[in-house]
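# Descriptive analysis of the structure
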Amino acid sequence: PFASHCTPGSDWSTSDYNWCQLPWCYVSEKCVSRVPTSVFNGSNTTYYSYDSCGNAPDCYNNFASDARCPYDPHGTMSYMVHKGSGCECMHQGTELPTEIY
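For the structure given in this document, a descriptive report is provided here. (Residues numbered from 1 in each chain as written. Predicted model: local features only at pLDDT ≥ 70, side-chain atom pairs only at ≥ 80, totals over all residues. Heavy atoms only, no water.)

Counting residues in hydrophobic clusters, the biggest one holds 14 residues, and the most contacted among them are W12, W19, L22 and Y50. If near-sequence neighbours (up to four positions away) are discounted, W12 is found in contact with C6, T7, Y17, N18, C20, Q21, S78, Y79 and M80. (Core = buried A, V, L, I, M, F, W, Y, C linked by side-chain atoms within 4.5 Å. Buried < 20%, exposed > 50% of the residue type's maximum accessible area, 1.4 Å probe, protein only. Contact = heavy atoms within 4.5 Å.)

Right under this line is the structure:
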């Protein structure tokens, strides 16, 4: 739902875009690192977590206070989850084009 905020070519090292590269997943309300999602406003059962899904920092909410931000999982200053070299995510930060499906 936030793909339009994460356009290809953005500066992934900044607080405005670094969160776009973070692995995350939906988790149950029992998860200690849960964060209520704003996608389903009013829902008290829908949570997400960066920590539970790859031990990634929450650079969306804690960019200034978490020393692991900006997130650079490979230490290459690419600030991207994929390593590149021909294996880049083809549609990173976008929705799949309708001609694909």
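Of note, the bond from C69 into P70 is cis; its omega dihedral lies within 30 degrees of zero at 0°. Turning to its location among the elements, P70 is positioned in the segment after strand 3 (47-49). (Helix = DSSP H or I, 4+ residues; strand = E, 2+ residues; numbered from the N terminus.)

Along the chain, the position of D66 falls in the segment after strand 3. For D66, the side chain forms a polar contact with the main-chain nitrogen of R68, separated by 2.9 Å. Once residues lying within four places of it in the same chain are set aside, the contact partners of D66 are P57 and D58. (Polar contact = N/O pair within 3.5 Å; in protein donor to acceptor, adjacent residues only side chain to side chain.)

We now examine the side chain of S49. Structurally, S49 is set in strand 3. Given the relative accessible area of 0%, S49 is considered buried. Among the polar contacts listed, one links the side chain of S49 to the backbone nitrogen of D51, at a separation of 3.3 Å. Residues within four places of S49 in sequence aside, it is in contact with W24, C25, V27, C31 and S33.

Scanning the model with the defined rule gives 2 disulfides in all. The disulfide that involves C59 links it to C69, with 2.0 Å between the sulfurs. Between C59 and C69 the sulfur-sulfur dihedral comes to about -100°; the bridge is accordingly left-handed. Residue C59 is found in the segment after strand 3, and its partner C69 is found in the segment after strand 3; the two are separated by 10 residues along the sequence. (Disulfide = S-S within 2.5 Å.)

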